[in-house]
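An overview of the molecular structure
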Amino acid sequence: MQQTKIFIAMLAAAAVLTGCGGGDDGDDVTINIEQTTDDTGSGSDGGDSGSGGTGVLPAGAPDASKAFVTYNSDYSVGTLEGIIDEDVTLVSSIEWRLAGVVQVGEGNVAVTTDADVQAIKDAGVTLTVEPGTNIRSFDDGTLLVTRGSMLMADGTAAEPITFSSVADADFDGLGEWGGVIIQGFATQYGQGGTGACYGTGTVCNVEGEGGTDVSVFGGNEDDDNSGIIRYVRIAEGGRIAGPNNEINGLTLQGVGHGTTIEYVQVHQNLDDGIEWFGGTVNAKYVVLTGNDDDDIDFDEGFKGNIQYALIEKDPNASGPQGSNDPRGIEANSSDSDYTPETDAVIANVTIIGSEVNKAANSSGDDGQPGMRLRGSLITGVYNSAVANFTDCVRIDDSDTDGDGTVDSFSNVTLENVIGDCDDAFYARRAADVETNTDINTTLSFTATRAIAEPVAQLDSVTSITAVDNGSGFVFDPTNYIGAVDPAAASGWWEGWTIPGSVNAVEPAEASFVTCADDVCTVTGRIDEDYTFVAGYEWRLSGEVIVGEGNVSVATDADVQAVKDNGVTLTIQPGVHVRAFDDGSLLVTRGSKLEAAGTPSSPITFSSAADDDLEGLGEWGGVIVQGFAPQYGQGGTGACYGSGNVCNVEGEGGTVVGNFGGNDPADDSGTIRYVRIAEGGKIAGPNNEINGLTLQGVGYGTTVEYVQVHQNLDDGIEWFGGTVNAKYLVLTGNDDDDIDFDEGYKGNIQYAIIRKDQTATAPQGSNDPRAIEANSSDQDYTPETEGALANILIIGSDMNKAGGEPAMRLRGALTSRVYNTAITAFTDCVRIDDADTDGAGTMALSDVTLDNVIGQCDADFYSHEEPDATAGIVQANSVTVDGAYALTDAEAVVTAPTFVPVDNGSGFTFDSTGFIGAVEPGTAAADAWWAGWIIEGSLD
């Protein structure tokens with residue numbers, strides 16, 4: 001990655017900015033934004049040498065002279081092939097491709113002496129993969145990391161590492177490439193009870209499965225270290241290498257417990273998800289989705305521990321595509337292949353089957369068990385659940401000599417294992433030791449994939465003894481059954497797994513939805529609970545209305561009827577909703593929008609006009625209505641009078657209808673990690689659609705981590721209501737960014753507001769400010785009260801064209817602003833009182849500024865000064881770094897006494913000792929906005 005710096009200099013005509021308080025010369029203002037950028041471009045096919053190309057090779061990437069790598073002309077794509085014979089880093093700014101079997105190191109050759117083993121170790125190489133890197137493979141591609149070498153694939157929740165096929169852009173397609181194979185020097189035990197392959201010495205050569213290039217693995221070092229595989233997603237693999245010689249998503253051959261495997265997903269693999277061939281490597285936090293054969297498979301003397309695994313078979317498949325017998329877990333040590341050294345303990349696993357495992361398979365059997373524990377092995381399963389299989393658990397012993405008589409026995413322990421299967425809990429025989437196994441329960445799953453039934457909650461923590469493989473592994477103590485804690489607000493799998501891969505159901509049929517291929521078009525009224533599932537593009541045609549709460553109500557019974565008939569629109573993480581030019585989304589009162597994205601899988605609303613996210617007014621926006629109070633203009637008070645009934649005509653078009661009520665705690669759902677771009681269609685004179693419009697929305701609603709980008713009208717506008725907000729990014733909007741009025745009572749903390757740095761004037765009939773709070777003149781609404789903290793406001797020439805202030809606090813309202821910075825506006829703050837009758841009868845504002853700094857061209861204050869000030873309120877240099885944190889010395893302050901608006905929510909501001917939206921010293925990659933906002937929108 002290359003560090004560049006963008007300098008945005010705001011200079012007056014004389015090249016020197018005037019002071020904010022008057023006509024004296026002030027300091028030059030520089031916004032210094034350090035950021036990481038790609039120089040490589042994107043999107044072209046790999047394979048051409050980078051020699052003589054037009055791009056610049058990113059720092060840290062292997063140069064084009066290496067025999068194992070070639071680049072396209074702009075270095076956006078690098079193709080790997082052959083043997084990687086030196087330490088290499090795959091940087092995230094390049095898309096990497098695997099051509100053929102790409103081999104790391106040369107440890108898969110036969111060894112005969114300890115000296116041979118040491119020579120392999122001495123010659124071992126390390127392949128490092130940066131977080132966020134995409135590695136896409138041609139159909140003949142596989143990654144093979146040989147013993148003695150290491151794979152350091154250490155992603156993060158926000159930037160997982162992804163292996164997939166180059167065939168298409170999605171992650172759904174079985175067998176489109178090979179997979180990832182890791183080999184080590186840990187112990188493998190021979191089939192047929194022949195013991196460790198190395199015999200009485202240390203040298204081992206076991207022929208590995210996965211193709212002729214795989215060759216040999218194994219040794220006598222149970223603490224062998226093959227690297228780190230963390231926050232890694234492997235999709236679309238499982239190419240068949242030969243009869244009974246398939247490639248799993250992740251194959252672990254003799255891998256030792258010095259290796260780290262956690263937060264790993266294998267999705268849509270034609271063979272197994274993860275298979276252990278011997279070895280001792282433990283694993284935690286595993287997601288296995290849509291795999292065509294088994295998900296967890298261990299054999300050949302594997303000795304290890306696995307905790308937290310979420311297994312879901314393909315809910316849309318009627319049978320396996322390959323010659324497979326799909327189970328959730330298979331442990332194999334049966335008959336002539338028995339390997340009695342196989343010993344594993346598994347805890348907190350959820351296995352959810354589908355029709356794919358119930359179909360007749362290649363062996364002619366009808367239906368597969370959730371777990372098949374085959375033959376002479378030792379297995380303990382704790383705090384786990386199986387649902388939607390023919391049978392839950394099948395246990396077999398071994399006939400080692402083929403005479404038809406069982407002569408070697410498994411040893412299976414089940415504790416706190418529950419099942420919801422079609423035929424029986426056990427097939428063949430029961431476990432040797434069982435405690436609290438509920439074989440006839442009903443299981444359902446929450447959105448986090450926790451078990452919803454009370455049976456999943458245990459009275460006490462389960463003590464689990466790990467397999468003693470030398471690692472010192474200790475199971476986390478848990479008092480629940482399943483992979484996910486029912487008490488957790490979110491699942492540990494959320495945010496980093498492939499969007500739509502968990503609970504990957506197809507869109508439900510409904511009168512308002514039409515789907516073709518992977519695109520679903522929604523029109524009219526959503527009149528039932530519905531989910532926009534990930535993996536599909538959703539399009540809004542016309543004004544899409546959720547529920548029927550925008551009708552006029554006359555009685556409390558009408559209000560209750562609206563609530564009783566309310567519907568919920570759920571949008572899964574990673575979904576992209578694209579609207580035609582007449583499209584908008586209106587969520588009426590009594591209904592909910594549950595749009596809970598994640599940092600790595602945000603939800604995006606944009607235009608269907610093109611693929612970028614740049615373009616003002618290309619569609620409408622998102623309007624959410626609620627039953628929280630709204631106060632009438634002209635000081636007329638709450639619209640509902642002394643009762644609960646309220647009908648306020650909403651702005652945003654003829655179908656918007658009515659909102660409002662008398663329930664400050666009203667809940668309209670969740671809007672988290674959501675990006676809204678390119679909206680702002682004009683509905684009529686003084687009747688625009690904001691990016692996000694909140695009409696009478698109550699504080700039971702969650703609004704946080706929201707970006708509005710390139711909206712032709714306001715970014716976010718509150719019309720009354722009580723909903724608080726945190727972590728907002730408002731970029732390139734043509735009018736105001738934060739706008740509240742009509743008796744809004746709420747709190748906002750952490751917002752970055754950045755006007756379009758390339759525009760010289762607004763495109764619409766707008767007066768672009770960053771913050772407008774309106775209660776002016778005959779429209780005054782004295783109940784309007786907002787408290788804001790930690791706001792960064794960066795203007796541009798577009799707001800200077802009309803001489804607009806950064807904040808206009810208009811009329812008879814109450815507003816408190818804390819720890820905020822302003823730059824590049826004509827004036828920083830304009831405060832007005834209200835002339836309520838047009839004859840000079842004034843209603844006064846009540847404004848407090850505490851630790852507000854600014855560098856503006858003309859004045860800090862326009863019209864009036866605030867009623868109370870504290871801390872720094874003066875002209876200052878406003879300089880930000882790549883994290884958008886202030887670098888000025890004045891940015892570090894004593895935390896003020898934050899006074900939130902008491903709207904009933906119990907909201908408290910985070911106590912911050914800094915000015916601006918991001919704490920100084922924060923790395924750009926660690927800023928709260930990093931990784932989920934629209935790429936380039938803060939460049």
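Residues numbered from 1 in each chain as written. Predicted model: local features only at pLDDT ≥ 70, side-chain atom pairs only at ≥ 80, totals over all residues. Heavy atoms only, no water.

**Details of the pattern of salt bridges**
Throughout the structure, instances matching the rule amount to 35 salt bridges. Of the charged contacts in the structure, one is a salt bridge between E221 and K121, with a shortest N-O distance of 2.3 Å. Within this pair, whereas E221 is found in the loop between β18 (216–217) and β19 (227–235), its partner K121 is found in helix α1 (residues 114–122), the two being separated by 100 residues in sequence. According to the relative accessible area criterion, K121 is partly exposed, its value standing at 29%. With a shortest N-O distance of 2.8 Å, E772 and R769 are connected by a salt bridge. In this structure E772 comes out as buried when scored by relative accessible area, which is 5%. Salt bridges linked by common partners bring D767, R769, E772, E804 and R810 together as one network. (Salt bridge = Lys/Arg side-chain N within 4 Å of Asp/Glu carboxyl O. Helix = DSSP H or I, 4+ residues; strand = E, 2+ residues; numbered from the N terminus. Buried < 20%, exposed > 50% of the residue type's maximum accessible area, 1.4 Å probe, protein only.)

**Focus on the state of the cysteines**
Taken as a whole and judged by the stated rule, the model has 5 disulfides. Each disulfide pairs two cysteine sulfurs, and for C392 the partner residue is C421, the sulfurs being separated by 2.0 Å. Handedness here is read from the sign of the S-S torsion; for C392 and C421, about 110°, the answer is right-handed. Of this pair, C392 sits in strand β32 (residues 391–396) while C421 is found in the loop between β33 (411–420) and β34 (424–427), placing the two residues 29 residues apart along the sequence. Across this residue pair, the class does not change: C392 and C421 are buried. Sequence-ordered numbering of the disulfide-bonded cysteines in the protein chain gives the connectivity 1-2, 3-4, 5-6, 7-8, 9-10. (Disulfide = S-S within 2.5 Å.)

**A word on the nonpolar core**
Core analysis: the biggest nonpolar cluster contains 73 residues, and W538, W718 and I738 have the highest contact counts within it. Sort the elements by how many residues they give to this core and strand β39 (residues 537–546) lands first, with 4 residues. Setting aside its immediate chain neighbours within four residues, W718 contacts L694, V723, A725, L728, I738, D739, F740, D741, Y744 and I748. (Core = buried A, V, L, I, M, F, W, Y, C linked by side-chain atoms within 4.5 Å. Contact = heavy atoms within 4.5 Å.)

**A look at the pairing of strand β8 (residues 101–104)**
Pairing between strand β5 (residues 83–84) and β8: 2 bridges, direction parallel. Bridge pairing in β8 places I83 opposite Q103. For β8 and strand β11 (residues 142–145), the ladder comprises 4 bridges, and the chain directions are parallel. Across the sheet, the residue bridging to V102 is L143, located in β11. (Pairing = 2+ DSSP bridges.)

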